[in-house]
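# Per-entry structural report
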Amino acid sequence: MPAKIPATVVTGFLGAGKTTLIRHMLQNAQGKRIALIINEFGDLGVDGDILKGCGIETCTEDDIVELSNGCICCTVADDFIPTMETLLAREDKPDHIVIETSGLALPQPLIRAFNWPDISTRVTVDGVITVVDGRAVVDGQFAHNVAAVDALRAQDENLDHETPLSELFEDQVACADMIVVNKADLLTEAEADALIAKLKSESRAGVQVIKAAMGALPVDVLLGQGVGAESDLSARHEIHHHHHDDDDDDHHDHEHSHGHDEFESFIVTRGEIADASAFAAQVADVIRSHGILRLKGFVAVAGKPMRLTLQAVGPRVDTYFDQPFGDAPRETRLVVIGETGLDQAAITAALLA
Ligand SMILES: Nc1nc2c(ncn2[C@@H]2O[C@H](COP(=O)(O)OP(=O)(O)OP(=O)(O)O)[C@@H](O)[C@H]2O)c(=O)[nH]1
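Residues numbered from 1 in each chain as written. Predicted model: local features only at pLDDT ≥ 70, side-chain atom pairs only at ≥ 80, totals over all residues.

### Some words on the overall build of the protein
Here is the rule: Strands here are runs of E lasting at least two residues and helices are runs of H or I lasting at least four, both read from the DSSP assignment and numbered beginning at the N terminus. Three classes are used. A residue is buried when 20 or more other C-beta atoms lie within 10 Å of its own, exposed when 12 or fewer do, and partly exposed in between, with C-beta atoms placed from the backbone.
Across its full length, the protein carries 12 helices and 12 strands. Considering the protein as a whole, with its 353 residues, one finds that 39% of them fall into the buried category.

Next up, the structure:
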């Protein structure tokens, strides 16, 4: 029997730097043929577009597959398994498969899918990499210490600290074989050291915690961990409560509830904008006043043939020109992601102003 193809799962909260890390990995793949499966929240396909636009020779558009049916853990049977089947049926098999989960996905159900009969004989989970936005975590955006949260809640009944955000973050940390503390450039040495120590104490024994800026880590560090995560799922404790029994046949139709209905996304489209930096400032204002978690997309700037990629994680907005519009319409398209209850009309109006 041919050797199993290793698959690495890259997870991490919205905007932590998963796409950036994968892009660096592809650019430094040292001849390894890597196939990518991308699962995005929000239907604009920004991550796929950014990676397809990377111009890396070893990585053709055929090597990038986007899952479109929303949450990866809810569409395993309909979307993920058939995608894997197609990849595995190809003549030119990849050396390695990398799966980028959406920033709101639970990794555990995905790893469970590798135990499906047709998949388990041909692919093995090489490792789960959880990318963490070091700056955001140090700034306390995700409550991670359950004991401390409980103590706080006990003090104030009006506070609801158990948001789905912190639970997702904990699940992603609990599932990791390697945790990348990304955005180290935005941390002091002391902050990075303290965060690394804290994450080590809160993750499974033996999990590596390493820091990175712009996800720049050697491909040998990221790939080839060889842990076979699908066979030690029970060690990857899940905080979310799924309503299912353990019968594999049940996966097609079991119902589970987890935080996704707590999040929403929508797209705002407008024509060209006149001034890129003024628009970035406007976007930052909108994010601040409406509690938006993540905003990203492409902007058409008057007089510029290239499209401007706009990326915001919280109120931090990054922009860069990435590639010509080509045949695509010269318009501005942004996906806005936040917790359910976003004032879509007001946000849209503010972005169109
Ligand atoms: N300063 C700094 N910015 C970073 C770093 N890594 C990523 N970013 C920026 O953070 C933003 C989000 O990065 P992505 O790689 O798109 O994050 P992601 O985790 O793929 O985001 P989602 O797919 O939306 O969950 C982009 O503007 C990146 O340029 C880093 O190490 N330092």
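### Comments concerning the site of the ligand
Rules: To decide nearness, the C-beta atom of each residue is placed from the backbone, and the residue is near a molecule or strand if that atom lies within 6 Å of it. Ten residues, namely Ala, Val, Leu, Ile, Met, Phe, Trp, Tyr, Cys and Pro, are considered nonpolar, four, namely Asp, Glu, Lys and Arg, are considered charged, and the remaining ones, Gly among them, are considered polar. As used throughout, domain bounds are those supplied by an automatic or database domain assignment.
Taken together, 21 residues sit near the ligand, with Gly-17, Thr-19, Thr-20, Gly-103 and Gln-311 positioned nearest. Here the shell around the ligand gets 3 residues from one element, more than from any other, and that element is helix α1 (residues 18–27). Classifying every residue of the shell around the ligand gives 6 nonpolar, 9 polar and 6 charged. Formed jointly, the shell around the ligand draws a minimum of three residues from each of two domains, domain 1 (5–257) and domain 2 (261–352).

### Points about the UniProt feature "domain: CobW C-terminal" (unreviewed entry) in the protein
Heads up, the condition is: UniProt positions are given in the numbering used here, feature names are shortened, and annotations may be inferred rather than shown by experiment.
What UniProt calls "domain: CobW C-terminal" (unreviewed entry) maps, in this numbering, to residues 263–353. Structurally, residues 263–353 is divided into 26% helix and 43% strand, and its ends, taken at the C-alpha atoms, are 25 Å apart.

### Re unusual backbone geometry
What you tend to see is this: most non-glycine residues have negative phi, and most peptide bonds are trans. The backbone of Gln-30 shows a phi angle near 50°, a positive value even though the residue is not glycine. Of note, Gln-30 is situated in the loop between α1 and β2 (34–39). A residue is classified by how many C-beta atoms lie within 10 Å of it, and Gln-30, with 8 of them, is exposed. Even without a glycine there, the phi angle at Met-214 is positive, about 50°. Checked against the element boundaries, Met-214 lands in the loop between β7 (208–211) and α10 (219–222). Judged by the 14 C-beta atoms lying within 10 Å of it, Met-214 is partly exposed.

### Here we look at the nonpolar core
So the rule is basically this: In plain words, the nonpolar core is the set of buried Ala, Val, Leu, Ile, Met, Phe, Trp, Tyr and Cys residues that C-beta atoms within 7 Å link up. It is the C-beta atoms, placed from the backbone, that decide contacts: two residues are in contact if theirs lie within 7 Å.
Counting 79 residues, the largest nonpolar core has Leu-36, Ile-179 and Val-180 as its most contacted members. Considering each element in turn, this core owes the most residues, 6 residues, to strand β5 (residues 123–133). Counting the residues that make up this core, at least three belong to each of domain 1 (5–257) and domain 2 (261–352). Apart from the residues within four sequence positions on either side, Ile-179 is in contact with Thr-130, Val-132, Val-173, Leu-199, Ser-203, Val-207 and Val-209.

### A few points about the confidence of the model for the protein
This is how the line gets drawn: On a range of 0 to 100, pLDDT expresses the predictor's confidence in each residue.
With 77% of its residues at a pLDDT of at least 70, the protein reaches an overall mean of 79. Of all secondary-structure elements in the protein, the lowest mean pLDDT belongs to helix α7 (residues 146–155), at 50, while helix α12 (residues 344–352) reaches the highest, 96. Predicted confidence is poor over residues 156–163, with pLDDT under 50, and the contacts of this stretch with residues over four places away or in other chains come to 8 contacts. Every residue in residues 240–259 is under pLDDT 50, and counting partners more than four places away or in other chains gives 21 contacts. Across the whole predicted complex the pTM is 0.77, and at the interface the ipTM reaches 0.98.

### Some thoughts on the pairing of strand β9 (residues 294–299)
Consecutive residues of a regular strand have side chains that alternate between opposite faces of the sheet. Our working definition: Should DSSP find at least two bridges between two strands, the strands are regarded as paired.
Here β9 lies mainly inside the structure; 6 of its 6 residues are buried. Two elements, β9 and strand β10 (residues 306–313), share 6 bridges in a ladder whose sense is antiparallel. Paired with Gly-297 across the two strands is Leu-310, which belongs to β10. Between β9 and β10, which pair antiparallel in sequence order, lie 6 residues; one of them, Gly-303, sits at a positive phi of approximately 85°. Note that β9 and strand β12 (residues 332–339) share 5 bridges and pair antiparallel. Of the residues in β12, the one forming a bridge with Arg-294 is Ile-337.

### Observations regarding α1
Along α1, 9 of the 10 residues are buried, which leaves the element largely enclosed by surrounding structure. Among the residues making up α1, those that are buried are Lys-18, Thr-19, Thr-20, Leu-21, Ile-22, Arg-23, His-24, Met-25 and Leu-26.

### Focus on the sheet that holds β10
Our working definition: Orientation is described by lines fitted to C-alpha atoms, with helices fitted over the stretch in contact, and by angles between N-to-C directions that extend from 0 to 180 degrees.
Taken together, 5 strands build an open sheet; the order of strands is β8-β12-β9-β10-β11 and the sheet is antiparallel. Two strands close off the open sheet at either side, each with one partner strand: β8 (263–270) and β11 (316–324). Between one strand axis and the next, the sheet turns by 15° as a mean value, whatever way the strands run. Contacts between α12 and the sheet are confined to β8 and β12, with β8 contributing the most and set at about 30° to the helix.

### Quick word on the sheet that holds strand β3 (residues 64–67)
Hydrogen bonds between backbone groups are what pair the strands of a sheet, and the pairing can be parallel or antiparallel. An order of β3-β2-β4-β1-β5-β6-β7 is seen for the 7 strands of this open sheet, with the pairing classed as parallel. Two strands bound the open sheet, and with one partner strand each, they are β3 and β7. Averaged over all pairs of adjacent strands, the angle between strand axes in this sheet comes to 20°, irrespective of strand direction. Pairing between β2 and strand β4 (residues 96–100): 5 bridges, direction parallel.

### Description of the pairing of strand β1 (residues 5–12)
Burial of β1 is extensive: 7 of the 8 residues sit out of reach of the surface. Bridging between β1 and β5 involves 8 bridges; their strand directions are parallel. Note that in β5 the partner of Val-9 across the bridge is Val-128. By the bridge criterion, 4 bridges tie β1 to β4 in an arrangement that is parallel. By the bridge assignment, Val-9 is partnered in β4 with Ile-99.

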